[in-house]
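Analysis of the macromolecular model
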Amino acid sequence: MEAQLETATHHDEGHHHPEPFITKYLFSQDHKMIAKQFLITGTMMAFVGMIMSLLFRLQLAWPGESFGILNFFLGDKWAPEGVLDPNMYLALVTIHGTIMVFFLLTAGLSGTFANLLIPLQIGARDMASGLINMLSYWFFFLSSAIMIMSLYVEAGPASAGWTIYPPLSALPQAIPGSGTGMTLWLVSMSLFIVSSLLGGLNYIVTIINLRTKGMKMTRLPLSIWALFVTAILGVLSFPVLLSAVLLLIFDRTFGTSFYLSDIYIAGEALDATGGSPLLFQHLFWFLGHPEVYIILLPALGITSEVISTNSRKPIFGYRAMVGSILAIGFLSFIVWAHHMYITGMNPFLGAVFTFTTLLIAIPSAVKVFNYITTLWKGSIRFTPAMVFAIGMVSTFITGGVTGIILADAALDINLHDTYFVVAHFHIVMGLSAVLAMFAGVYHWYPKMFGTLLNKKLGYLHFWLTFISAYGVFFPQHFQGLAGVPRRYYSYTEYPLFADFADLSVLVTIFAIIGGLAQFIFLYNFVYSMFRGQKSPQNPWQSNTLEWTTPVKHIHGNWPGELPTVHRWPYDYSKPGKDQDFVPQTVPLEEGESDGESGH
Amino acid sequence: MNILLAVVVVLGIITFTQLIRVFELTKSLNGTKDNEVTVKENNGIANGFMLYLIGYFAFFIWLVWKYGPFLLPEAASVHGEKIDLLMNFNWVIIITAFAITHILLFYFAYRYRRTKGIKADFVTHNEKLELVWTTVPAIVLAIVIIYGISTWNDIMRDEPEDALTIELYAKQFDWTARYAGEDGVLGKSNYRLISGTNPMGLVTLETIVEKLAELDKKKAKYELKLSNAEPNGTIAENTKEKIRKVDKHLAKVVAYQKELEMDNNVFLTGNDDKPVKVEFHLPVNKPVKFFIRSQDVIHSVFMPHFRAQMNAVPGMLTSFYFTPNKTTDEMRIITKNPEFDYLLLCNKICGAAHYNMQMNIIVESEEKYNAWLKEQPAFYAEEASADEEVKEIVASN
């Protein structure tokens, strides 16, 4: 479909008029500015989440010992004499998880790259609705602000884990964080869901309707395919989380019993009967599982772009890549109860979800093979983005294979809620998706800011991160296999786990090194914005449309007419061409194929 | 420890800032653009990836060597042994896939680094290859699926009829194991009957009467308070609300009592039950079925040595069964640890002391187990120390 809707803007000719600071930087409706806003807010939240993890890792490595830094951050109430309070431990774990999964990897990753890349890579002036796009950011900002505010509540922030299962999350008597802290968490997440839905709708409409002339779906870069399916997943699954959240709010505030039944707590038999905590779990994980693919798919899309551009080779198996994005997207909706094998649900479901979950391994494996084969016989240029992308593939393999073990209900019996699960999801999300996000930032920084990130600092950042991150999470598999549960404040009560005490120290030391390494990135990021080398228009000699826009941003992206697309984006090192890349806007020669030759 | 950490962090920060200054200075000296990768840099990184591959595998092997011995010992249950076999089968598959893909990934990155005079190959796809690498994993996964699901069905179905039934009752922050008494039947329970002398809410004639008496007393106390309070003041309103709640609770217990009166026997089965704390015993080689309940929030029964885990959900009865096949003494020999004990731990976040909610498990011969069980006091025997008032009411019924 090549219909083209000109968005009603008079910026087609790219003429400038001085714009007030507020509409240019704060309340912008320009997708490029909104992308940067998402990136910066997401990164700031990520640093908060990361510091929290370092704080609780101090307690895990040196249980019960006094640390001035804990008292510095948490005060006398939550770290009396510098020793972390057990309730605050659970609170830190909860908020760390919430921030990383939602604020960094969903809003920070999708929000940044969907906003930046969709209009630019499909050849549109901007998103279908600039207003909705702006609102999507500001709801995200408000949501972040409220989540941070919840940290200062007297009884502490939400502490029932990022999965906030009731009754623990419904009853303030069960844990102090389930009071006002939990209320603010729920408000924050409701706003977050609104932000995601607004964004997702916009992305879908834009991709379907605003592709420029010649930009058939089969000529879309894989980053756009990934962001497209991600947006669909979000629009279908976030409303279910909203319903889970609303029902929880009702149980907490209006005396309903959706999730509560037969509870005696704090000396009182509660009235609620007939509810089921499992209802919450089903509703939560119905979003929860697609959520991790909402995180992963953009990461995979970014990786495809970075690897093919820097291998000077087409991405291998474009059709299979698109097919596997669609398959992963579809399958992600029918696997959620693998988070619930030992919750007491009917064992028959265990068999069903084992089957569907293991199926996802197939498209995932296909993607890995395609990445590896893209490297094969390539001419690889190790830009910082490229090294992060390779790191992403490595961690995706490692995390993915342990997923096969956890998918098996029988094996999950002894691994559920142990460090094995912690290792698995950190390696796929905390490593794989984060490494891909870094790859995206290093690759598209010149597009966002017009300057280049310092290359050597990029390499240093990569090696320190890649080494320390595996150092943190790989050993945790062993803890999990030994039966060490997660979300435990301390393990000193168990002679059974005494042998892992030094492993906890090793993990924490790697975590501290990895954490410090991120400041190198932060320094590079901020410094290069103002004093970085100026970037040429197409610094990576890439084929996609975003590199045909001027370095200095203009509303409407292209001065003059929108580009016309003649070919797919992967004509790298095509035989018979002068250069080793052919941008999508270059017309076809006689008899030349526009895509995978032969199709 | 604190000082050491502080020194390391400060040194780290100093190192980094100095490195950054060095980079900035050298950058301005040799003049490469930050989007151009020099041959030296490119080769250096390619070598780096090969080194990384070796280091990564070495790290993996070192971890297996160092922490392998601390993993769980062989399974102490019949189904547990099946799980371990399934696990090992899966390890073989995934470690093979992990190793092959990693070697290819890092080797290709190294081998196909940009080299002068060599262009990349314009290969877009290969249907045959793609078919192979889709079907082979599909077949392997089909085997994994079939083997996995059949193990799961083995574990979850075909409950043995002669299983010993034990209730595991979870609350913040301890466990109680309840054994059926001579009648072999676990008594009913109802959360509205929970009280100081009846912490599990067991249903017996006595406990119902006791609860009603307790609630009556409570109501009387509030009514007194109400009569002394200023009418329509906050205290009066709060107390009225409290009385409403007690009334509601009373009504529910009375209704429940009526419901039960239809079935006389239900009152008799709870008295001889044996609630046990801190440590519970199991006879070896006999199937045991656990009924799992929770008083307040979700907890989880995790008994890793038996490869057993099941959530304890308030408002629901869950269950899990297995047959322990190694006594504690046998396990002490196997693990070469004379202080080894089987453990029940809570494995679902449940509050501040979630990390210390455990119970010891002893597996022993049937004779020893029976001897131990005989010594455990029955619920009603403990009840015997209840209010005199209640005793009279009971006697008069």
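1. Focus: the overall build of chain B
The number of helices and strands found in chain B is 10 helices and 10 strands. For chain B, whose C-alpha radius of gyration is 33 Å, the value lies well above the compact-globule estimate of 21 Å for 397 residues. Taking the principal axes of the C-alpha coordinates as reference, chain B spans close to 105 × 60 × 50 Å. Relative to its 397 residues, chain B shows a buried fraction of 35%. When contacts within chain B are restricted to residue pairs at least 6 apart in sequence, long-range pairs at least 24 apart make up 71% of them.

2. Quick word on the overall build of chain A
The helix and strand tally for chain A stands at 15 helices and two strands. Compactness check: chain A gives a C-alpha radius of gyration of 24 Å against a globular reference of 25 Å for 599 residues, within 12% of the reference. A principal-axis box enclosing the C-alpha atoms of chain A has dimensions of 80 × 50 × 45 Å. Buried residues in chain A amount to 63% of all 599 residues. Put simply, of all contacts in chain A between residues at least 6 apart along the chain, 81% involve residues at least 24 apart.

3. Some details on helix α4 (residues 86–122) of chain A
Residues and elements named next belong to chain A. Counted at 1.5 Å a residue, the expected span for α4 with its 37 residues is 54 Å, and the 50 Å between its end C-alpha atoms agrees. Maximum bend of α4: about 30 degrees, positioned at Ile99. Of all 37 residues making up α4, 36 are buried, and the element is well covered by its neighbours. At the exit of α4 stands Gly123, carrying a positive phi of roughly 85 degrees.

4. Section: helix α5 (residues 130–149) of chain A
Residue and element names in this part refer to chain A. With 20 residues, α5 extends 29 Å between its outermost C-alpha atoms, agreeing within 8% with the 28 Å of an ideal straight helix rising 1.5 Å per residue. Among the residues making up α5, those that are buried are Asn133, Met134, Ser136, Tyr137, Phe139, Phe140, Ser143, Ser144 and Met147. If you follow the buried residues of α5, they end up packed against α2 (31–61), α4 and α6 (180–209).

5. Structural notes on the packing of helix α5 (residues 205–228) of chain B against helix α6 (residues 234–261) of chain B
Residue and element names in this part refer to chain B. Direction vectors running N to C along α5 and α6 enclose 160 degrees, while the axes themselves pass 9 Å from each other. As judged from the angle between their axes, α5 and α6 are roughly antiparallel. By crossing handedness, the relation of α5 to α6 is classed as left-handed. Contact with α5, carried on its side by Ile208, Lys211, Leu212, Leu215, Lys218, Lys219, Tyr222, Glu223, Lys225 and Leu226, involves Ala236, Thr239, Lys240, Lys242, Ile243, Val246, His249, Leu250, Val253 and Gln257 of α6 and no other residues of that element. The residue inventory of the contact of α5 with α6, partitioned by class, reads 10 nonpolar, three polar and seven charged.

6. What about the interface of chain B and chain A?
Contact residues are listed per partner, giving 100 residues for chain B and 117 residues for chain A. Of all the secondary structure elements, the ones that give two or more residues to the side of chain B that touches chain A are α1 (2–30), α2 (39–67), α3 (78–111), α4 (127–156), α6, β6 (299–303), β7 (308–312) and β9 (342–346) of chain B. Ranked by the residues each element gives to the side of chain B that touches chain A, the list is headed by α4 of chain B, at 15 residues. Residues that form the side of chain B that touches chain A fall into these classes: 59 nonpolar, 27 polar and 14 charged.

7. A word on the domain arrangement of chain B
Interface size, as often reported, equals the accessible area lost upon joining of the parts. Residues and elements named next belong to chain B. Domain boundaries assigned for chain B yield domain 1 (190–270 + 389–396) and domain 2 (274–381). Between the C-alpha centres of domain 1 and domain 2 the distance comes to 33 Å. On the domain 2 side, the residues contacting the five residues of domain 1 number four residues. Its residues assigned to classes, the side of domain 1 that touches domain 2 comprises three nonpolar, two polar and no charged.

8. Considering the nonpolar core
Ranked by internal contacts, the top residues of the largest apolar core, which has 290 residues, are Ala389 and Ala439 of chain A. With 23 residues, the single largest contributor to this core is α4 of chain A. Counting the residues that make up this core, at least three belong to each of domain 1 (190–270 + 389–396) and domain 2 (274–381) of chain B.

9. Details of the sheet that holds strand β1 (residues 164–171) of chain B
In a beta sheet, neighbouring strands are held together by backbone hydrogen bonds and run either parallel or antiparallel to one another. Residue and element names in this part refer to chain B. Taken together, the five strands give an open sheet; going across it, the order is β3-β2-β1-β5-β8, and neighbouring strands pair in mixed fashion. Of all strands in the sheet, those with a lone pairing partner are β3 (274–277) and β8 (318–322), marking the two edges. Taking the axes of each pair of neighbouring strands and ignoring which way they run, one obtains an average angle of 25 degrees across the sheet. Bridge count between strand β2 (residues 174–179) and β3: four bridges; the pairing is antiparallel. Bridge pairing in β3 places Tyr179 opposite Lys274.

10. Focus on the packing of α4 of chain A against helix α7 (residues 222–253) of chain A
Residue and element names in this part refer to chain A. One way to put it is that α4 packs onto α7 with a least axis distance of 10 Å and a crossing angle of 125 degrees. In terms of their interaxial angle, α4 and α7 are classed as oblique. Relative to α7, α4 is oriented so that their crossing is left-handed. The segment α4 lies against α7, with Ser110, Phe113, Ala114, Leu117, Ile118, Gln121 and Ile122 engaging Ser223, Ile224, Leu227, Thr230 and Ala231. Class assignment of the residues belonging to the contact of α4 with α7 gives a composition of eight nonpolar, four polar and no charged.

11. What about the environment of Glu65 of chain A?
Tracing the chain through its elements places Glu65 of chain A in the loop between α2 and α3 (68–78). It is 6.0 Å that separates the C-alpha atoms of Glu65 of chain A and Val83 of chain A, two residues lying 18 residues apart in sequence.

12. Concerning the confidence of the model for chain A
For chain A, the average pLDDT comes to 93, and 97% of its residues sit at 70 or higher. In this model residues 1–14 of chain A is a low-confidence stretch, pLDDT under 50, and it forms 19 contacts with partners more than four residues away in sequence or in other chains.

13. As for the sheet that holds strand β4 (residues 279–283) of chain B
Residues and elements named next belong to chain B. In spatial order, the strands read β4-β10-β9-β6-β7; together these five strands make up an open sheet with mixed pairing. At either end of the open sheet lies a strand with only one pairing partner, and these are β4 and β7. Within the sheet, the average angular offset between the axes of one strand and its neighbour, ignoring direction, is 20 degrees. Along the sheet, helix α8 (residues 366–375) contacts β4 and β10 (358–364); its crossing angle with β4, the most-contacted strand, is approximately 140 degrees.

14. Brief notes about unusual backbone geometry
Between Pro166 of chain A and the following residue, Pro167 of chain A, the backbone shows a cis peptide bond with an omega angle of 0 degrees. Secondary-structure assignment places Pro167 of chain A in the loop between α5 and α6. For the bond running from Gln172 of chain B to Phe173 of chain B, omega is -5 degrees, close enough to zero to count as cis. Despite not being glycine, Gln541 of chain A has its phi angle at roughly 45 degrees, a positive value. For Gln541 of chain A, the location among the structural elements is in the segment after α15 (501–531). Here Gln541 of chain A falls in the partly exposed class, since 17 other C-beta atoms lie within 10 Å of it.

15. Details of the environment of Tyr489 of chain A
Looking at the secondary structure, you find Tyr489 of chain A in the loop between α14 (455–481) and α15. Along the primary structure Tyr489 of chain A and Pro63 of chain A are separated by 426 residues, whereas in three dimensions their C-alpha atoms are 8.2 Å apart.

16. So, the confidence of the model for chain B
When the pLDDT values of chain B are averaged, the result is 89; 92% of them are 70 or greater. Taking the mean pLDDT of every element in chain B, the minimum, 56, falls on helix α10 (residues 388–396) of chain B and the maximum, 97, on β6 of chain B.

17. Here's the deal with the pairing of β2 of chain B
All names here are of chain B. Pairing analysis gives six bridges linking β1 to β2, with the strands arranged antiparallel. Pairing of Tyr169 across the sheet is with Thr176, part of β2. In this structure, the hairpin formed by β1 and β2 is closed by a connection of two residues.

Cut-offs applied
- Residues numbered from 1 in each chain as written.
- Chains lettered and ligands numbered in written order.
- Predicted model: local features only at pLDDT ≥ 70, side-chain atom pairs only at ≥ 80, totals over all residues.
- Helix = DSSP H or I, 4+ residues; strand = E, 2+ residues; numbered from the N terminus.
- Rg over C-alpha atoms; globule rule 2.2 N^0.38 Å.
- Buried ≥ 20, exposed ≤ 12 C-beta atoms within 10 Å, placed from the backbone.
- Contact = placed C-beta atoms within 7 Å.
- Expected span 1.5 Å × (residues − 1).
- Bend = angle between axes of the 7 residues up to and from the residue.
- Axes fitted to C-alpha atoms, helices over the stretch in contact; angles between N-to-C directions.
- Parallel < 35°, antiparallel > 145°, perpendicular 65-115°, else oblique.
- Left-handed = near helix turned anticlockwise from the far one by under 90°.
- Nonpolar A, V, L, I, M, F, W, Y, C, P; charged D, E, K, R; others polar.
- Domains from an automatic or database assignment.
- Core = buried A, V, L, I, M, F, W, Y, C linked by C-beta atoms within 7 Å.
- Pairing = 2+ DSSP bridges.
- pLDDT = per-residue confidence, 0-100.

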